[in-house]
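An overview of the molecular structure
Residues per chain, in single letters:
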Amino acid sequence: MTASLLESAIPGVQGLRPYAPGKPLSELEREYGITDAVKLASNENPLGPSESVLEALQGGFDELARYPDGNGFELKAALAERHGVSPEGITLGNGSNDVLEMVARAFLSPQSSAVFSAHAFAVYPIVTQAIGARSRVATAHNGSRGPMYGHDLDAMHGQIADDTRVVFIANPNNPTGTWLSADALRAFVESVPGDVVVVIDEAYFEYVAEADYPDTSRWIDEFPNLLVTRTFSKAYGLASLRIGYGISQPALADVLNRVRQPFNVNSFAQLAARAALDDRQHLARAIEVNRKGMAQLTAGLDELTLPYIPSAGNFISVDVGRDAGAVYEALLHEGVIVRPVDNYGMPGYLRISIGLEHENQRCLEALGKVLA
Ligand SMILES: *Cc1c(COP(=O)(O)O)cnc(C)c1O
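So, here is what we can say about the structure in this document. All chains use their own residue numbering, which begins from 1 and follows the written sequence. Local features in a predicted model are, by the rule used here, given only for residues with pLDDT of at least 70; side-chain atom pairs are given and counted only at 80 or more, and totals for whole chains, interfaces and linings are based on all residues. Working from all heavy atoms in the structure, the side-chain values ignore hydrogens and water.

In this section: the sheet that holds strand β6 (residues 197-201). Strands pair, by our definition, only if DSSP identifies at least two bridges between them. In this description a helix means any DSSP run of H or I spanning at least four residues, a strand means any run of E spanning at least two, and both kinds are numbered starting from the N terminus. Spatially, the 7 strands line up as an open sheet ordered β2-β8-β7-β6-β5-β3-β4, and their pairing is mixed. In this open sheet, the two edge strands, each paired with only one partner strand, are β2 (90-93) and β4 (134-138). Sheet twist, expressed as the average angle between the axes of neighbouring strands with direction ignored, equals 20°. Bridge count between β2 and strand β8 (residues 244-247): 4 bridges; the pairing is antiparallel. Paired with L92 across the two strands is Y245, which belongs to β8. The contact criterion used throughout is that any non-hydrogen atoms of two residues lie within 4.5 Å. Between N-to-C directions, angles cover 0 to 180 degrees, with each direction set by a line fitted to C-alpha atoms, over the stretch in contact for helices. Contacting β2, β7 (226-231) and β8, helix α5 (residues 73-83) crosses the sheet at an angle of about 125° to β2.

What follows covers the site of the ligand. By convention in this text, a residue qualifies as near a molecule or strand provided that one of its non-hydrogen atoms is within 4 Å of it. The environment of the ligand is formed by G95, S96, N97, F121, N174, D201, A203, Y204, T231, S233, K234 and R242. Whenever two N or O atoms come within 3.5 Å, that pair is a polar contact, provided that in protein one can donate a hydrogen and the other can accept it, and provided that, for residues adjacent in sequence, both atoms are side-chain atoms. Between a nitrogen atom of the ligand and a side-chain N or O atom of D201, the distance comes to 2.6 Å. At 2.6 Å, a side-chain N or O of S233 approaches an oxygen atom of the ligand. For accessible areas, the Shrake-Rupley method is used with a probe of radius 1.4 Å. Any residue's cover is judged against the shown protein chains and nothing else. Surface burial for the ligand is 94%, taken as the share of its 390 Å² of free accessible area covered by protein chains.

Attention now goes to the packing of helix α6 (residues 96-107) against helix α10 (residues 250-259). As a packed pair, α6 and α10 sit with axes 9 Å apart at the nearest point and diverge in direction by 90°. Between α6 and α10, the interaxial angle falls into the category roughly perpendicular. Where α6 abuts α10, its residues V99, M102, V103, R105, A106 and F107 lie against L252, V255, L256 and V259. By the convention adopted, Pro, Cys, Tyr, Trp, Phe, Met, Ile, Leu, Val and Ala count as nonpolar, Lys, Arg, Asp and Glu as charged, and the other residues, Gly among them, as polar. Partitioning the contact of α6 with α10 into residue classes produces 9 nonpolar, no polar and 1 charged. The labels follow the angle: roughly parallel below 35 degrees, roughly antiparallel above 145, roughly perpendicular from 65 to 115, and oblique for the rest.

Quick look at the sheet that holds strand β11 (residues 339-340) now. The strand order across the open sheet built from 3 strands is β9-β12-β11, with neighbouring strands paired in antiparallel fashion. Bordering the open sheet on either side are β9 (315-319) and β11, each of which pairs with just one other strand. Sheet analysis places β11 next to strand β12 (residues 349-353), joined by 2 bridges and oriented antiparallel. Among the inter-strand pairings, R339 is bridged to a residue of β12, identified as R351. Relative to the sheet, helix α12 (residues 280-303) contacts β9 and β12, its axis offset from that of β9 by approximately 5°.

With that settled, consider the nonpolar core. Counting 49 residues, the largest nonpolar core has I169 and F232 as its most contacted members. The leading source of residues in this core is helix α11 (residues 267-278), at 7 residues. Nine residue types can take part in a nonpolar core, namely buried Ala, Val, Leu, Ile, Met, Phe, Trp, Tyr and Cys, and a core is a set of them joined through side-chain atoms within 4.5 Å. Note on classification: 1.4 Å probe, protein chains only; a residue is buried when its accessible area is under 20% of the maximum for its type, exposed when over 50%, partly exposed between these limits. Counting residues in hydrophobic clusters, the runner-up holds 31 residues, among them M102, V166, L252 and M346.

A word on the pattern of salt bridges. Where charged atoms of side chains with opposite charge meet at close range, the side chains can pair. In the sections that follow, a salt bridge refers to a side-chain nitrogen of Lys or Arg positioned within 4 Å of a carboxyl oxygen of Asp or Glu. Counted under the stated rule, the structure contains 17 salt bridges. Linking K23 and E27 is a salt bridge whose minimum nitrogen-to-oxygen distance equals 2.9 Å. Measuring nitrogen to oxygen at the nearest pair gives 2.8 Å for the salt bridge that ties R230 to E202. Placement of R230 in strand β7 and of E202 in the loop between β6 and β7 is noted, with a sequence separation of 28 residues between them.

Right under this line is the structure:
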């Protein structure tokens, strides 16, 4: 684009840089001539989707020429039952990122601000800045009162100003893997003014085993300004189909649905999500593979004497103790794709997604070789 057209964009957009995704396997293989690369860069489910999802997808072809159910009737009914909320409180998104963007479009403007933590998920600043709204970024924990790099709820509360309309919280957060306890998070939600929407992003909910970790979807009845987001991209293994959702009281969902694109969730995604919800065995397998893989990776990192941030998700951020960009590049040459997180203000860290046993092994061996 010419410079003059960029100048025509709204100021927030001029300052944006496109989201940098994990490097696709096909790209690495094309560029480096490697054929057996492993990708541990986007927190995807290494098992893939369940068999029943693949079967359910077959049923989508007959309706390919039709628009999908723009209201997602059956999927919303299933999700409402699962969460014990009314179907009118479910907002379907093209990925949960779509729901995050709906929040920004519905509640933010150049005259208002959103609050989130340093090192929080990259989509919060993107959707905020794209609207031209101001980001109020709270300093993260330094390790003295909470986990290093974790959300500091006191600092976040301190950032809430008269112009604040949205607070974004990732629990657990990506890329840090840090999580907030039920007590702390509940006290925070209670302390937020009622005209500020609190978004609790639970993209990794299914993986979390920590006893003090809350299921905040159970708080919906009490807080009209609470929106909880979930996704099928991670533990359910449907990242490619793009489907996630919000859970809230119907009045908040009504606002979000006013800015939702018609037919934002395609019919394959709706079919797959319904089947995935019903396959509890596959979900349990995914959680177990993650638990074992996390133990394997942390044991290997301990052996390499590499510090990492304890993570409740399906990924772990590792302090490689030197220029992480160079380590990332060297790992690519070994056919291992991980994720540099310098764009998150963590230049010494690499984020590694938990993979299958042989993938984790490959990653650990490559790390050992590259750092030797
Ligand atoms: C991966 C991720 C999401 C999920 O995005 P989708 O659009 O649902 O694929 C949301 N929030 C966080 C913190 C994530 O890491």
